[in-house]
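Survey of secondary and tertiary structure
Spelled out, the chains give:
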There are 4 protein chains.
Amino acid sequence: MLKERAEQILASARILFGERGMHGVSVRDIAEHAGVKKAAVFYYFDGKDDLLERILAGYYASHAAALESAFQAGGTLRERLQGTIDAYLDFVLANGNYARLVQGLIASNPEWHRHLQRNLEPLFRWTQAALSELSPEQGPLAARQFFITLSGAVINTFTYAPVLELMWGDDPLSEAGIAERRAHLHWVVDALMDKLQASQDR
Amino acid sequence: MLKERAEQILASARILFGERGMHGVSVRDIAEHAGVKKAAVFYYFDGKDDLLERILAGYYASHAAALESAFQAGGTLRERLQGTIDAYLDFVLANGNYARLVQGLIASNPEWHRHLQRNLEPLFRWTQAALSELSPEQGPLAARQFFITLSGAVINTFTYAPVLELMWGDDPLSEAGIAERRAHLHWVVDALMDKLQASQDR
Amino acid sequence: MLKERAEQILASARILFGERGMHGVSVRDIAEHAGVKKAAVFYYFDGKDDLLERILAGYYASHAAALESAFQAGGTLRERLQGTIDAYLDFVLANGNYARLVQGLIASNPEWHRHLQRNLEPLFRWTQAALSELSPEQGPLAARQFFITLSGAVINTFTYAPVLELMWGDDPLSEAGIAERRAHLHWVVDALMDKLQASQDR
Amino acid sequence: MLKERAEQILASARILFGERGMHGVSVRDIAEHAGVKKAAVFYYFDGKDDLLERILAGYYASHAAALESAFQAGGTLRERLQGTIDAYLDFVLANGNYARLVQGLIASNPEWHRHLQRNLEPLFRWTQAALSELSPEQGPLAARQFFITLSGAVINTFTYAPVLELMWGDDPLSEAGIAERRAHLHWVVDALMDKLQASQDR
DNA sequence: GATGAATGAGTATTCATTCAT
DNA sequence: TATGAATGAATACTCATTCAT
């Protein structure tokens, strides 16, 4: 779709924004990383904000697509939730800096909140729909609470990773690390579903 | 301890850094917010980094203190974990921008990772010690996995709040919102402990 | 080689650094003197240090070239020494602020010593080579002593000039002044050579 | 005369100005070096310029005194010149940073030229008086030419020292280095006097 | 389609100096 | 006699962006 040149720039911006956050990266940095003249960045894009917007748009599109198919897969609710967790994990894994970028943005750039909200919305709607059988609309077991808890559990895997690596010595995002984390999250979902269904049965 | 003027400046920095992240705030902003001349900031502090360092130091000290007493309280493991979750929640609640500041820093300023790690360390050690009875050293049920999951569940309550507010219309950090969240987290801890103990008994 | 604009800036820096020393001149001063916006200075150069470095590099290159041909000219040792003095004098004369710049740097900016040394080195080596027939390696008549004495005698002509002008009323760097100084230096070289050869003959 | 505190500050300023030049030293640096509060510097002195002025005044007074006695000693002209060179050398040696300070000032701070001139004046008058028997008023052998040549030969010993040390490996201002230099300068004076008297006799 | 040149507005930080106490 | 507090003005340097070519 985009010219090769533009894709190059976008890719560099994606990497750098993810690593150092929007404010921590200059257009010069992006151009240099992309092996392109600074003015080219402005030729292909409408500036730094545009760059970020497109990166987010790309992420959101594939993020939503990834989760949608998981949500809409067949099987029990539990299986679909596990599938969604897997899809989420796989997506963030495949889109290296997504988690850090969004988290950094959410935590430090109020001007992007509305933007982020628009794109978080579908994810939330799906969670809500998926859990509607078991989850009340309000209260501590409402879908929205699980939304926060589970997305926090997934996202933090990635945002905390560089700090945890310093602490543990080994990389939490290595293949083994991710496998362990995935098993843990599955176990957590099981635990939550067990209890949710138990309280339902009562 | 610090002079009134310095306290004033530190408070402003705490607020602004929390709202917009370190890079998003200029010394000028801080000075203006504090009602002080820009040069006064440099008179009382050694620059922006020093300011951030002191803010973090303050946070960490009270954060650690808050969690320590919870970890070391009596009662069953389950009660102590619930107490810790409560303490964590209360701490972040009382230190408005702590979560956003740290999360923004972790996600966008690699140069602060080491610093953050030093102060996350005791928290992790305590979790590990607390869970040692039930939790294996390695694998999906290792303490470190619960550390990520639970701190993510707490932290995200706050970092996602402004975006969720846009989505839900009501403030997730209102008294009611926090009460609901707290109940949810207690329920989650129960769910996890139930399953952990069940697998132990087998 | 350099763009006109850059040359302009460099020229202004050369003048101002020479007049007031590195620390005594701000980038603003340079920009104003060059009739250029301050940011343009940073567009063309990597900052103040870069500017100084290039000025020095330029000076050194032409300085070395000027002295080299004199050292390597034919004739008796005495003639070659006289030629070198002339070349030195002519060079400093043609590069107005060279002497003041270097002297100011040497006397007040330790961080530039290494840099200055690297470029003084070839000059010293040549003196040493030139005098090797007459001069012992060590002691009061070693080449290095003559190096200091003679370069001091030349350099001081220029560095002291503005103060001497206040004292004498007439400009030591006027054509007549320089002619007188040149004759004096030739006389001095003759005096030194006479005595050096006399002690050799004995 | 001055309070101990003031003397302390003056001493520190003397050292630092000599090492890094006036512009390279801040009042803060001086205060810290002197182990005194910054405001104390302004209490005892009228600011940075005043400090420099007093340092120079002190130097000049002792400089003039040192040379005066040498000039006015008995003996042949040659002996008196040698004595003066010795006195000059000894003075600069005893007043470590004098040469560097003055040279740095002369080469980079036009505003101090008048000041320096006033204090160079007596030195020049004495040289002129001393050489009046042998030296014509005008031309290449005028006293003023010898003034430049000889003071340059002495002064450069000190200003170039740190750079020459990098080049030679050993310290030109060590006891041995100075002894060699002193012998060299005596030899130079002899050479100049020999030739001057020879041309006189003709 | 691409870019070298240029810049206005901003950044963190330093510094000599003043002054109330 | 001293100094902590305070600051206006300056400093080197960065940056997103524009625009003529």
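All figures in this text were calculated on a predicted structure; none of them were measured in a lab.

About the criteria used
Residues numbered from 1 in each chain as written. Chains lettered and ligands numbered in written order. Predicted model: local features only at pLDDT ≥ 70, side-chain atom pairs only at ≥ 80, totals over all residues. Heavy atoms only, no water. Least-squares fit on C-alpha atoms with pLDDT ≥ 70 in both. Contact = heavy atoms within 4.5 Å. Buried area = accessible area lost by both parts, 1.4 Å probe. Salt bridge = Lys/Arg side-chain N within 4 Å of Asp/Glu carboxyl O. Polar contact = N/O pair within 3.5 Å; in protein donor to acceptor, adjacent residues only side chain to side chain. Helix = DSSP H or I, 4+ residues; strand = E, 2+ residues; numbered from the N terminus. Buried < 20%, exposed > 50% of the residue type's maximum accessible area, 1.4 Å probe, protein only. Arc of directions from axis to C-beta. Near = heavy atom within 4 Å. Nonpolar A, V, L, I, M, F, W, Y, C, P; charged D, E, K, R; others polar. Phe/Tyr/Trp six-rings, centres within 6.5 Å; stacked < 30°, edge-to-face > 60°. Lys NZ or Arg CZ within 6 Å of the ring centre and 35° of its normal. Domains from an automatic or database assignment.

A few words now on the relation of the copies chain A and chain B. Superposition record for chain A on chain B: RMSD 0.2 Å, screw rotation 180 degrees, translation along axis 0.0 Å. The superposition operator between the copies reduces to a two-fold rotation axis. Interface overlap between copies is the fraction of interface residues in one copy that are interface residues in the other; for chain A against chain B it reaches 98%, indicating a shared surface.

Okay, the interface of chain A and chain B next. If you look at the interface, chain A gives 58 residues, while chain B gives 57 residues. Carbon and sulfur atoms supply 66% of the area that chain A and chain B bury against each other, a total of about 5600 Å² over both sides. Applying the counting rule to chain A against chain B returns six salt bridges. At the boundary of chain A with chain B, the tally comes to 20 residue pairs in polar contact (both at pLDDT 80 or more). When residues of the side of chain A that touches chain B are traced back to their parent elements, those giving at least two are α1 (4-20), α6 (98-108), α7 (113-131), α8 (143-159), α9 (161-168) and α10 (175-201) of chain A. Ranked by residues supplied to the side of chain A that touches chain B, first place goes to α8 of chain A with 13 residues.

Our next topic: the interface of chain C and chain D. Facing 58 residues of chain C, the contacting portion of chain D comprises 58 residues. With both sides pooled, the region where chain C packs onto chain D buries about 5600 Å², and carbon together with sulfur makes up 66% of that total. Summed over the three residues of chain C that lose the most area to chain D, namely Y160, M167 and W187 of chain C, the buried surface amounts to 13% of that side. Our enumeration of links across chain C and chain D arrives at six salt bridges. Between R144 of chain C and D170 of chain D there is a salt bridge; the shortest N-O distance is 3.8 Å. Seen at the junction of chain C and chain D, the total is 19 residue pairs in polar contact (both at pLDDT 80 or more).

The periodicity of an α-helix, 3.6 residues per turn, causes residues three or four places apart in sequence to face the same way. Among all positions in α9 of chain A, only A161, V163, L164, M167 and W168 of chain A are buried. Angularly, the buried residues of α9 of chain A cover 160 degrees about the axis, an arc narrow enough to put them on a single face. Buried residues along α9 of chain A sit in contact with α8 of chain A together with α6 (98-108), α7 (113-131) and α8 (143-159) of chain B. Positive phi shows up at G169 of chain A, right after α9 of chain A, with a value of about 85 degrees.

Turning to the protein's contact with DNA strand E, a few remarks are in order. In the vicinity of DNA strand E, 29 residues are found, and the nearest of them are Y43 and Y44 of chain A, R5 and Y44 of chain C together with F42 of chain D. Sugar and phosphate atoms form 61% of the subset of DNA strand E atoms that lie within 4 Å of the protein. The contact in question runs from a phosphate oxygen of DNA strand E to an N or O atom on the side chain of K48 of chain B, over 3.0 Å. Looking at the surface near DNA strand E, the elements with two or more residues in it are α3 (38-44) of chain A, α2 (27-34) and α3 (38-44) of chain B, α3 (38-44) of chain C together with α3 (38-44) of chain D. With five residues, the top contributor of residues to the surface near DNA strand E is α3 of chain A. Looking at the surface near DNA strand E residue by residue, the classes come out as 13 nonpolar, four polar and 12 charged.

Close contacts around DNA strand F come from 30 residues, with F42 of chain A, Y44 of chain B, K38 of chain C together with Y43 and Y44 of chain D the closest. Close to the protein, within 4 Å, the atoms of DNA strand F belong to sugar or phosphate groups at a rate of 65%. Here a phosphate oxygen of DNA strand F and a side-chain polar atom of R5 of chain B are 2.7 Å apart. With respect to DNA strand F, the side chain of K48 of chain C contributes an N or O atom lying 2.8 Å from a phosphate oxygen. Looking at the surface near DNA strand F, the element that brings in the most residues is α3 of chain D, giving five residues. Residue composition of the surface near DNA strand F, by class: 14 nonpolar, four polar and 12 charged.

Within a pair of aromatic rings, the relevant descriptors are the distance that separates the centres and the angle that separates the planes. Applying the stated criterion to the full structure yields 24 aromatic pairs over all chains. Seen in terms of ring centroids, Y59 of chain A and Y98 of chain A are 5.1 Å apart; in terms of plane orientation they differ by 75 degrees. Their pairing is edge-to-face. One end of the pair, Y59 of chain A, is in helix α4 (residues 48-71); the other, Y98 of chain A, is in helix α6, and 39 residues separate them in sequence. Taken together, the ring pairs in this structure connect Y59, F91 and Y98 of chain A into an aromatic cluster. Above the ring of W168 of chain D, the side-chain terminus of R144 of chain C is found at 4.5 Å from the ring centroid.

Next up on the list: the pattern of salt bridges. Applying the stated criterion to the full structure yields 47 salt bridges over all chains. Put simply, R78, D190 and D194 of chain A together with K195 of chain B are held in one network by salt bridges that share partners.

This next bit is on the domain arrangement of chain A. Accessible area lost upon the coming together of the parts is a frequently used measure of interface size. Residues and elements named next belong to chain A. The assigned domain composition of chain A is domain 1 (1-45) and domain 2 (48-201). Put simply, the middle of domain 1 and the middle of domain 2, counted by C-alpha atoms, are 27 Å apart. Across the boundary between the two partners, domain 1 contributes 16 residues, which contact 14 residues of domain 2. In total, about 1400 Å² of surface goes out of reach between domain 1 and domain 2, with carbon and sulfur atoms giving 70% of it. Interface area lost by domain 1 to domain 2 is led by R14, F17 and M22, which between them contribute 42%. Along the contact surface separating domain 1 from domain 2 lie zero salt bridges. At the junction of domain 1 and domain 2, the tally comes to five residue pairs in polar contact (both at pLDDT 80 or more). Of all the secondary structure elements, the ones that give two or more residues to the side of domain 1 that touches domain 2 are α1 and α2 (27-34). For the side of domain 1 that touches domain 2, the element with the most residues is α1, which contributes eight residues.

The next point concerns the environment of Q117 of chain C. In this structure, Q117 of chain C sits in helix α7 (residues 113-131). Considered as a pair, Q117 of chain C and A31 of chain C are 86 residues apart in the sequence and their alpha carbons are 30 Å apart. For Q117 of chain C, the residues in contact, after removing those within four places along its chain, are V163, L166 and M167 of chain D. In terms of polar contacts, Q117 of chain C uses its side chain to reach the side chain of E121 of chain C, at 2.7 Å.

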